[in-house]
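# Structural features, examined
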Amino acid sequence: MKLRLVTAAALCAFLAIPGGMTTGRSAQAAGDSTPYGHSTEAEEVDRFLRALRTIRAQYVEPLTDRELVDIAIKAMAGRDRYSAYLDDGEYRQLQASNDGAFAGLGIRYEAHGTRVRIAETVPESPAEAAGLRSGDVILAVDQQPVGGAELATVKQMLSGPEGAAVSLTVLRAGTTDPFEVSVVRGKLRIPSVRLAAVGTVGYIRIARFDRQTTTGVSMAIRSLRDRIGTDIGGFIIDVRDNPGGLVQASVRVADAFLDKGTILTARGPGRGADKTYVATPGDETDGLPLVVLVNAKSASAAEILTGALKDHRRATVIGTTTFGKGIIQSVIPFDSGALKLTTARYYTPSGQSIHQIGIQPDETIVEPAAEDGQSAQPSGGIPDAANDQAFARALSILRSR
């Protein structure tokens with residue numbers, strides 16, 4: 001009986017992934033003996049089961065059937081750095097992040113040499129209430145040093161349930177003695193869009209693409225046009241340090257600035273993976289000039305928006321070459337968690353793949369290196385034109401028009 005259960009579990013692990021994917025390769029029909037490579041499906045399943053039994057019987061530590069199958073699923077799912085098998089907690093965290101709401105401290109942090117530095121604190125967040133600032137260096141989390149640790153490890157150390165406290169050992173610029181800060185994780189709803197009127201220019205900062213972003217951008221356009229009036233000279237769209245997010249959100253934001261034409265073409269091996277997204281009639285800005293600000297951390301969905309506006313000559317792109325993530329992941333519920341799999345490549349309206357290449361700006365302006373203890377990007381509000389050459393150039397272009 002136990003052998004049958006193991007066999008069933010292993011078969012599910014090996015076979016269920018393709019059949020369960022909405023955008024992946026379709027599973028073969030029952031009885032189809034078409035070979036995968038140089039062997040049949042049945043031969044590969046048999047090889048898998050022999051490996052499972054050998055590892056279970058001879059590995060130095062005891063392993064349960066569930067552990068072995070989980071290991072196999074994670075290995076199959078992790079074909080690239082963007083694909084993974086998410087457990088229930090990770091899946092719920094991803095869903096909350098896509099909604100723009102999650103439990104956390106309210107900080108954005110980055111690697112600074114071998115240290116971890118706070119790049120931004122969210123207004124009205126637990127971190128701000130505890131007195132943390134942009135530029136603070138996190139030396140330890142709950143007395144565990146983080147120097148030299150991967151950011152993914154730091155994220156895991158900082159993550160936890162709402163209402164639970166975490167202790168941070170912090171070093172502040174201009175001081176020599178670290179101090180301890182206790183921060184209680186809280187429910188965060190962080191707007192993905194910020195706006196500001198800079199004279200006759202509208203500034204729209206998009207931090208990420210989630211389910212709030214499309215509405216946020218449309219509201220920003222209307223608000224800025226009402227605030228500035230008929231003298232408005234155009235919009236700056238700032239996607240610097242934007243890591244991406246939901247493809248649909250970036251497509252809809254691009255549609256807000258385009259009246260016609262292709263926004264994105266996706267191509268993948270699975271049924272339904274090939275898609276072309278086309279702009280609907282109506283430009284919410286009525287054709288006002290646009291400048292998009294990018295840098296090497298503008299990735300994925302941020303590159304979809306940038307590529308669409310650049311290829312249609314709808315915007316001038318200023319900054320440095322973008323990150324270069326030209327692939328799409330699908331999140332597919334699986335057991336109590338989910339599979340996040342790379343299921344397609346995407347192409348800009350001109351047919352270009354930007355994967356591992358990035359998007360070249362129309363005007364290259366390299367950002368100055370951040371001084372020790374200070375963030376390269378402002379923690380809130382608008383950039384300082386005196387210290388931000390790309391932002392200053394964007395203002396100059398739009399004011400001249």
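In case you missed it, the structure is sitting above this.
The structure displayed is predicted, hence computed values, not measured ones.

Next up on the list: the overall build of the protein. If you tally the helices and strands in the protein, you get ten helices and 19 strands. The 401 residues of the protein split such that 45% are buried.

This brings us to helix H3 (residues 65-77). Between its first and last C-alpha atoms H3 spans 18 Å; for 13 residues at 1.5 Å apiece the expected length is 18 Å, and the two agree. When H3 is considered as a whole, its buried residues turn out to be Leu68, Val69, Asp70, Ala72, Ile73 and Ala77.

So, on to the side chain of Asp255. For Asp255, the location among the structural elements is in helix H8 (residues 247-257). The side chain of Asp255 is buried and forms no salt bridge, while Arg252, the nearest opposite charge, is found at 7.6 Å. For Asp255, the side chain forms a polar contact with the side chain of Thr280, separated by 2.8 Å. Excluding its chain neighbours within four sequence positions, the residues that come into contact with Asp255 are Ile263, Ala279, Thr280 and Gly282.

With that settled, the discussion passes to the sheet that holds strand S19 (residues 363-364). Ordered by their spatial adjacency, six strands build an open sheet running S10-S11-S12-S15-S16-S19, and the pairing between neighbours is mixed. Each of the sheet's edge strands pairs with one partner strand only, and the pair in question is strand S10 (193-198) and S19. For strand S11 (residues 201-206) and strand S12 (residues 234-238), the ladder comprises five bridges, and the chain directions are parallel. Across the sheet, the residue bridging to Ile204 is Ile237, located in S12.

Take the nonpolar core next. Counting 42 residues, the largest nonpolar core has Ile204, Ile206, Phe235, Ile237, Ile263 and Leu305 as the members making the most contacts within it. Excluding its chain neighbours within four sequence positions, the residues that come into contact with Phe235 are Gly202, Ile204, Ile221, Leu224, Arg225, Thr285, Leu288, Pro289, Leu290, Val291 and Leu398. Listed in part, the 17 residues of the second largest apolar core include Ala127, Leu132, Leu158 and Val183.

Outside of glycine, negative phi angles account for most residues, and trans bonds account for most peptide bonds. Phi at Glu124 is positive, roughly 60 degrees, even though this residue is not glycine. Of note, Glu124 is situated in the loop between strand S4 (115-121) and helix H5 (126-129). We note that Asp241 has phi near 65 degrees; this positive angle belongs to a residue other than glycine. Note that Asp241 resides in the loop between S12 and H8. On the accessibility criterion, Asp241 (13% relative accessible area) is buried.

Together, Ile55, Tyr59 and Val60 make up an exposed nonpolar region whose accessible area comes to about 320 Å². Along the chain, Ile55 turns up in helix H2 (residues 41-58). Assessed through its relative accessible area of 40%, Ile55 is described here as partly exposed.

Definitions and cut-offs
- Along each chain, residue indices are assigned from 1 in the same order as the chain's sequence is written.
- Under the rules for a predicted model, residues below a pLDDT of 70 receive no local features and side-chain atom pairs below 80 are neither given nor counted, while totals for whole chains, interfaces and linings still include all residues.
- Side-chain calculation: all heavy atoms of the structure are included, whereas hydrogens and water are not.
- Strands are runs of DSSP state E lasting at least 2 residues, helices are runs of H or I lasting at least 4, and numbering of each runs from the N terminus.
- Residue burial is assigned from relative accessible area. The probe radius is 1.4 Å, only protein chains are included, and a residue is buried under 20% of its type maximum, exposed over 50%, and partly exposed in between.
- Expected helix span is taken as 1.5 Å per residue step, with the number of steps being one fewer than the number of residues.
- Working convention for charge: Lys and Arg count positive, Asp and Glu count negative, and His plus the chain ends are omitted.
- Within this document, salt bridges are pairs made up of a side-chain nitrogen of Lys or Arg and a carboxyl oxygen of Asp or Glu, the two lying within 4 Å of each other.
- Contacts described as polar in this section are N or O atom pairs within 3.5 Å, which, within protein, must combine one atom able to donate a hydrogen with one able to accept it, while residues neighboring in sequence count only if both atoms come from side chains.
- Contacts are residue-level and defined by heavy atoms, with any inter-residue pair within 4.5 Å sufficient.
- Strand pairing is assigned whenever DSSP identifies at least 2 bridges connecting the two strands.
- As used here, the term nonpolar core means buried Ala, Val, Leu, Ile, Met, Phe, Trp, Tyr and Cys residues forming a set that is joined through side-chain atoms within 4.5 Å.
- Surface patches are defined over residues having more than 30% relative accessible area and no salt bridge, joining like charges when they lie within 9 Å and nonpolar side chains (Val, Leu, Ile, Met, Phe, Trp, Tyr) when within 5 Å.
- Under the convention used here, a 1.4 Å probe and the Shrake-Rupley method define accessible areas, while residue burial counts only the protein chains that appear.

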